[in-house]
Amino acid sequence: MKTWKKTLFLIVTFGLIFLLPLLGSLAKWHGLPPGYGDFPAQKVEADPGFSMLYFSLACVVALFITLVLVFPRLFGFKKTAEAPRQEGSVTPFPVWFWWSLPVLALSWFLMWARIKLYVSLEYYTFVPLWWSFILILDGLVYKRNNGASIISRKPKVMQLLAVVSCFSWFAFEYLNFFVLENWYYPNNEVFSNFGNVFWFSLSYTTVLPAIFEWYLLLKTFRLFRTRYSNGPKLKVSTIFLIIYYVLGLILAFGMGYYPYLLFWVLWVALVPMLSAAMALAGYWTPFTPIKNGDWSKVILIALATVFNGFFWELWNFGSEWFHDDAPTNPNYWKYSVPYLDKFHIFSEMPLLGYFGYLFFGLNCWIIWLIAAYVFKFDADIEVTGEQS
């Protein structure tokens, strides 16, 4: 397949992600779905409530995923030997690690404490909180990886990650309308309409950088580096990829037509559509190493997103939980998840919702690769160095 045809195929597939849910929603509602176009999203329809059947099925899936992650040898993964680490000089933390610590502490304090004299500062805590956290993660990678991190080795990649992150999360916000706002932002009047767009654009730059920093940090630990690198070899045929791709198309349309029943498709449909499209075009994907039994990239990006998700939910929940007076955090979000909204542990997110982060991480990597293949830039986020 010629290069321009590959690029066109990826662009068309990415376009279908926007079009198919819209068509399904138009067929369902004979127009745009309720709440469509409000930014940031506002909840306008009540969910159908808790379903024991749906919850039980989700628990079975969650249990299976947990068993694979915790007991990989039960599923054909083998222990991998690795050369012992060579002792050398200790790498110090980089300067941006130390600069970021007080910024994180101050931002966190202002977000949660709500000091009346400085209450307006809380409006602007999300971006410095998360970028300082990203730089701290990068500093940890730098120290554990003998001076190799995204900031130290690939600063342009970090800039591109921020840009792609911004546009990719706008895509998720768009898709959120077709599942009738699984998440929404009740503090939408803190800023003007323009202020919301501007501030949320800055906020969205933090998503991909944070996830990839966690991924690189996990890779510095031998336990994570080798745990999933020698598993079952899975080679797929072209016919399988085509079926997988078509399944993604059907799910994307179904998400718009059955917004409650298929709400989870928001986190899943992009994986078969985009990864199958890339594989059919001959591009590398995080699934490519699986044919040789290496599942580490797929699993570690998923785990990285769960780790990061804990902090997303922690800081979000705490920014409102301690206060009953007027809301001040425009980034604060709540969930409205049908059928599964049970068991919250210091989080707006129901417990089962954390398993959605596993798929979200894959989505993020795939979107990053799509952007790189279409716009012809280097998508390699790996950095090499001495690891422990």
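Residues numbered from 1 in each chain as written. Predicted model: local features only at pLDDT ≥ 70, side-chain atom pairs only at ≥ 80, totals over all residues. Heavy atoms only, no water.

- Under the annotation held in an unreviewed UniProt entry, the protein chain carries the name Small-conductance mechanosensitive channel and is attributed to Paenibacillus borealis.

### Description of the overall build of the protein chain
Argument step 1. Each helix and strand in the protein chain was counted, giving 14 helices and 2 strands.
Argument step 2. Within the protein chain, buried positions represent 54% of all 388 residues.
Argument step 3. Within the protein chain, contacts between residues separated by at least 24 positions form 83% of all contacts whose residues are at least 6 apart in sequence.
Argument step 4. Side chains of the protein chain give 27 positive and 22 negative charges; the mean places of these two sets differ by 15 Å. (Helix = DSSP H or I, 4+ residues; strand = E, 2+ residues; numbered from the N terminus. Buried < 20%, exposed > 50% of the residue type's maximum accessible area, 1.4 Å probe, protein only. Contact = heavy atoms within 4.5 Å. Lys, Arg positive; Asp, Glu negative; His and termini not counted. Charge placed at Lys NZ, Arg CZ, Asp CG, Glu CD.)

### Comments concerning a nonpolar patch on the surface
Argument step 1. A surface patch of nonpolar side chains, about 470 Å² in accessible area, is lined by Leu 19, Leu 23, Leu 26, Leu 32, Tyr 36 and Phe 253.
Argument step 2. The element that contributes the greatest number of residues to the nonpolar patch is helix α1 (residues 3-29), accounting for 3 residues.
Argument step 3. Inspection of the secondary structure assignment puts Leu 19 in helix α1. (Patch = residues over 30% accessible without salt bridge, like charges linked within 9 Å, V, L, I, M, F, W, Y side chains within 5 Å. Areas by Shrake-Rupley, 256 points an atom, 1.4 Å probe, with all protein chains shown as cover. Salt bridge = Lys/Arg side-chain N within 4 Å of Asp/Glu carboxyl O.)

### Points about the packing of aromatic side chains
Argument step 1. Enumeration over the complete set of coordinates arrives at 63 aromatic pairs.
Argument step 2. Their ring planes at 80° and their centres at 5.5 Å tell us that Trp 96 and Tyr 142 sit as a pair that is edge-to-face. Taken as a pair, Trp 96 in helix α3 (residues 95-113) and Tyr 142 in helix α4 (residues 126-144) lie far apart in primary sequence, 46 residues in all.
Argument step 3. When the ring of Trp 312 is compared with that of Tyr 357, the centres are 5.6 Å apart and the planes differ by 25°; the resulting orientation is stacked. Placement of the pair is Trp 312 in helix α13 (residues 296-321) and Tyr 357 in helix α14 (residues 354-375), with a sequence separation of 45 residues.
Argument step 4. Overall, the relative accessible area of 8% leaves Trp 312 in the buried class.
Argument step 5. The buried category is assigned to Tyr 357, whose relative accessible area is 8%.
Argument step 6. The ring of Phe 93 carries the charged tip of Lys 143 above its face, separated from the ring centre by 5.0 Å. (Phe/Tyr/Trp six-rings, centres within 6.5 Å; stacked < 30°, edge-to-face > 60°. Lys NZ or Arg CZ within 6 Å of the ring centre and 35° of its normal.)

### Brief notes about the nonpolar core
Argument step 1. Counting 113 residues, the largest nonpolar core has Phe 172, Trp 315, Leu 340, Phe 360 and Trp 368 as the members making the most contacts within it.
Argument step 2. Of the residues forming this core, the biggest block, 16 residues, is contributed by α14.
Argument step 3. Not counting residues within four places of it along the chain, the set of residues in contact with Trp 368 comprises Val 157, Leu 160, Leu 161, Val 164, Leu 208, Phe 212, Phe 377, Asp 378, Ala 379 and Ile 381. (Core = buried A, V, L, I, M, F, W, Y, C linked by side-chain atoms within 4.5 Å.)

### Brief notes about a positive patch on the surface
Argument step 1. Among the surface-exposed residues, Lys 78, Lys 233, Lys 235 and Lys 291 lie close enough to one another that they form a single positively charged patch.
Argument step 2. Inspection of the secondary structure assignment puts Lys 235 in the loop between α9 (222-227) and α10 (238-257).

### Remarks on the side chain of Ser 168
Argument step 1. Here Ser 168 shows up in helix α6 (residues 155-176).
Argument step 2. Judged by its relative accessible area of 6%, Ser 168 is buried.
Argument step 3. In this view, Ser 168 contacts Leu 208 and Ile 367; residues no more than four positions away in its chain are not counted.

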